[in-house]
Amino acid sequence: MKPQTMDRLRKMQLAFVGKLMAGLSHEFKNHLAIIKELNGLIEDLLLLEEPGQTTNSERYKKIISGINERIAQAAEMCRFLSGFSHRMDQPLSSLSITDVLQEKIYLLRRFARQKQVDLISSFEEDLPVIYNDPSLLQFAIFCIIWPALELMPEGGRIMITVARKGDSAEIIVNLVGALKRPEDDTPWEDMLPEVLQILGAGLSRSIDQEGNEEVVVKISSIDSSYSDDN
Amino acid sequence: MSKVKVLLVDDEVEFATTLAERLNIRGFETTACFCTEDALALIHAKDIPDVVLLDLKMPRMDGMETLKEIKKYNPTIEVIMLTGHGAGVPLSAVGSEKHGAFDCVMKPADINELTSKINQAMVKRQNAINKGEGE
């Protein structure tokens, strides 16, 4: 198979996964909406009753409130999942780095929790909107964070800071807590330079004496001829 | 004072009937329709709602097409889009702003937010009617 055909196939495969995931998250949201309304209706009907008419009414209210909280959490998950899925719709688009990275970070939180690693993020308010590949940018950040999660000891900390540098954005990932490194890069890490090259992004890494690492990715808009050339 | 007439259009029958009941408890006069064709038939039969709550994604004729039809028929009917879309949901994100939607609410919706938006939409409609627009 020609490399171009292979590349096109991979892009379409990604779009296909994205579409199915987006569809599924919409379906979840529909079910959540129904549960929320049914739960709300129970609450409304309880409120319409005369005082003392229902035994355990305080308990019902507490249960209703608990269900509402879970619905809100699940709806937020769906919102991030839906956003993440739609990133795969097309290879290039105008994107908010904050939105793109927040989705990625949200979806990685569970893994960080399981490893008992803190995942902290901070975004400058005035970040530029850039024209680039949102899904690939998420993948690039994944290639930094995922190996760190695998290699970091419990109690470690991953801090992601995004700041404006003119028309570019600088994504600084601080990995605090010495990584138990294998001799070679992990399969994810060794993909990173290539991925960043496609994004037209710069990369620098440094490790201090305690073994804490700082990874800096500088990204800006990409030439719109990218999709034709690749 | 007469009740605000709300037409709720959503193909999820259980969602539509439950939400309609909740809105009626709050003093609205809500009719639920489960397809856009029925909703448009109702409007064309001169059963004019004040506010339409319209699901964006529906089979056959979707919410956006229905919005255009409603606004073409009577521009004073205010339409609030319901969507399962992701982040933020400004009107422009779903493209309904340019077709005259009043606002967009994300599912699952908060009933208080929804009733507040219906009331705001009603004020806008009343102002338009007072100016003699549309009707």
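Conventions used here
- Residues numbered from 1 in each chain as written.
- Chains lettered and ligands numbered in written order.
- Predicted model: local features only at pLDDT ≥ 70, side-chain atom pairs only at ≥ 80, totals over all residues.
- Heavy atoms only, no water.
- Helix = DSSP H or I, 4+ residues; strand = E, 2+ residues; numbered from the N terminus.
- Expected span 1.5 Å × (residues − 1).
- Buried < 20%, exposed > 50% of the residue type's maximum accessible area, 1.4 Å probe, protein only.
- Contact = heavy atoms within 4.5 Å.
- Pairing = 2+ DSSP bridges.
- Axes fitted to C-alpha atoms, helices over the stretch in contact; angles between N-to-C directions.
- 1 Å grid on protein atoms, 1.4 Å probe; cavity = no way out; pocket = protein on both sides within 12 Å on 5 of 7 lines; lining within 4 Å.
- Points joined across faces, edges and corners; volume = space filled by probe spheres on them.
- Nonpolar A, V, L, I, M, F, W, Y, C, P; charged D, E, K, R; others polar.
- Polar contact = N/O pair within 3.5 Å; in protein donor to acceptor, adjacent residues only side chain to side chain.
- pLDDT = per-residue confidence, 0-100.
- Phe/Tyr/Trp six-rings, centres within 6.5 Å; stacked < 30°, edge-to-face > 60°.
- Salt bridge = Lys/Arg side-chain N within 4 Å of Asp/Glu carboxyl O.
- Right-handed = clockwise from strand over helix to strand, strands pointing away.

Novice: It is not clear to me how helix α2 (residues 57-86) of chain A should be interpreted in this structure. Could you clarify?
Specialist: Each full turn of the α-helix corresponds to 3.6 residues, which orients residues three or four apart in the same direction. Residues and elements named next belong to chain A. With 30 residues, α2 ought to run about 44 Å at 1.5 Å a step, and its terminal C-alpha atoms sit 43 Å apart, in line with that. The set of residues buried in α2 consists of Ile64, Ile71, Ala75, Cys78, Phe80, Ser82, Gly83, Phe84 and Ser85. Looking at the buried side of α2, the elements it contacts are α1 (3-48), α3 (97-114) and α4 (134-151).

Novice: Teacher, can you tell me more about the sheet that holds strand β1 (residues 5-9) of chain B here?
Specialist: Consider a sheet: its strands pair through backbone hydrogen bonds, and that pairing is either parallel or antiparallel. Residue and element names in this part refer to chain B. Read from one edge to the other, the open sheet built from 5 strands follows the order β2-β1-β3-β4-β5, with strand pairing classed as parallel. In this open sheet, the two edge strands, each paired with only one partner strand, are β2 (29-33) and β5 (103-106). Geometrically, the sheet is characterised by an average inter-axis angle of 20° between neighbouring strands, direction not taken into account. The strands touched by helix α5 (residues 111-130) within the sheet are β1, β3 (51-55), β4 (78-83) and β5, with β4 carrying the most contacts at an inclination of about 155°.

Novice: Is there a simple way to think about empty space enclosed by the protein in this case?
Specialist: To locate leftover empty space, one rolls a probe as large as a water molecule over the atoms. Residue and element names in this part refer to chain B. The tally for this structure, following the rule as stated, stands at 1 cavity of 30 Å³ or more. For the largest cavity, the calculated volume is near 70 Å³. Going through the elements one at a time, β1 and β2 are the ones with two or more residues in the lining of the largest cavity. Looking at the lining of the largest cavity, the element that brings in the most residues is β1, giving 3 residues. Of the residues that constitute the lining of the largest cavity, the class distribution is 5 nonpolar, 1 polar and 3 charged.

Novice: Explanation requested: the environment of Ile130(A) in the structure shown.
Specialist: Residue and element names in this part refer to chain A. Note on placement: Ile130 falls in strand β3 (residues 129-132). Between the C-alpha atoms of Ile130 and Val216, which are 86 residues apart in sequence, the distance is 17 Å. Every residue in contact with Ile130, bar those within four places of it in the chain, is listed here: Ser93, Ser94, Leu95, Ile97, Asp167, Ile219, Ser220 and Ser221.

Novice: Any chance you could explain the side chain of Ser85(A) here in plain terms?
Specialist: Residues and elements named next belong to chain A. Within the secondary structure, Ser85 sits in helix α2. Engagement of the side chain of Ser85 in a polar contact is seen with the backbone oxygen of Leu81, the distance being 2.6 Å. Setting aside anything within four residues of it in sequence, one finds Ser85 in contact with Gly18, Met21 and Ala22.

Novice: So what exactly am I meant to see when it comes to the confidence of the model for chain A here?
Specialist: Detailed reading of predicted coordinates is not advised where the pLDDT is low. Looking at chain A as a whole, the pLDDT averages 88, with 97% of positions reaching at least 70. Confidence scores differ between elements of chain A, with helix α6 (residues 226-229) of chain A showing the lowest mean pLDDT of 48 and strand β4 (residues 157-165) of chain A the highest of 95.

Novice: Honestly, the packing of aromatic side chains in this entry has me stumped. Any pointers?
Specialist: Two descriptors summarise a pair of aromatic rings, namely the distance from one centre to the other and the angle between the planes of the rings. All names here are of chain A. Per the stated rule, a full pass over the model turns up 6 aromatic pairs over all chains. A ring pair is formed by Phe139 and Trp188, whose centres lie 6.1 Å apart and whose planes are at 70°; its orientation type is edge-to-face. Residue Phe139 is located in helix α4, and its partner Trp188 is located in the loop between β5 (168-176) and α5 (192-199); the two are separated by 49 residues in the primary sequence. Among the residues examined, Phe139 registers a relative accessible area of 27% and is labelled partly exposed.

Novice: How should the pattern of salt bridges be read in this particular structure?
Specialist: Think of it this way: side chains of opposite charge can pair up when their charged atoms draw near. Counted according to the given criterion, the structure contains 18 salt bridges over all chains. Between Glu78(B) and Lys71(B) there is a salt bridge, with the nearest N and O atoms lying 3.8 Å from each other. Note on accessibility: Glu78(B) and Lys71(B) belong to one class, buried. Lys124(B) is paired through a salt bridge with Glu78(B); the nearest N and O atoms lie 3.8 Å apart. Of this pair, Lys124(B) sits in helix α5 while Glu78(B) is found in strand β4, placing the two residues 46 residues apart along the sequence. Connected through salt bridges with shared partners, the residues Glu37(A), Asp44(A), Arg22(B) and Arg26(B) form a single ionic network.

Novice: I keep staring at the layout of surface pockets and nothing clicks. Help me out?
Specialist: All names here are of chain A. If you add up the space inside the largest pocket, you get close to 1,100 Å³. Of all the secondary structure elements, the ones that give two or more residues to the lining of the largest pocket are α1, α4, α5 and α6. Residue contributions to the lining of the largest pocket peak at 11 residues, all from α1. Along the lines of polarity and charge, the residues of the lining of the largest pocket split into 16 nonpolar, 6 polar and 10 charged.

Novice: Whenever I open this one, the pairing of strand β6 (residues 202-207) of chain A confuses me. Can you help?
Specialist: The side chains of a regular strand alternate between both faces of the sheet. Residue and element names in this part refer to chain A. In this structure, β6 lies alongside strand β7 (residues 213-219), joined through 6 bridges in antiparallel fashion. Residue pairing for β7: Leu203 is matched across the bridge by Val217. Here β6 folds back onto β7, and the loop between the two strands holds 5 residues, one of which, Gly211, carries a positive phi near 90°.

Novice: How should the environment of Trp146(A) be read in this particular structure?
Specialist: All names here are of chain A. Positionally, Trp146 belongs in helix α4. In this structure Trp146 comes out as buried when scored by relative accessible area, which is 19%. A sequence separation of 40 residues divides Trp146 from Thr186, and the C-alpha atoms of the two residues are 9.7 Å apart. Contact partners of Trp146, with chain neighbours within four places excluded, come to Leu108, Phe111 and Trp188.

Novice: I'm lost on the pairing of β3(B) in this one. Help?
Specialist: Residue and element names in this part refer to chain B. Judged by how many residues are buried, β3 sits mostly within the fold: 5 of 5 residues are covered. Of the two faces of β3, the one holding Val51, Leu53 and Asp55 and the one holding Val52 and Leu54 are both buried throughout. Pairing geometry for β1 and β3, over 4 bridges, is parallel. Looking at β3, one finds that Val6 is bridged to Val51. Note that β3 and β4 share 5 bridges and pair parallel. Note on β4: the bridge partner recorded for Val51 is Glu78. Chirality of the crossover, the property in question, places the unit of β3, helix α3 (residues 63-73) and β4 among those that are right-handed.

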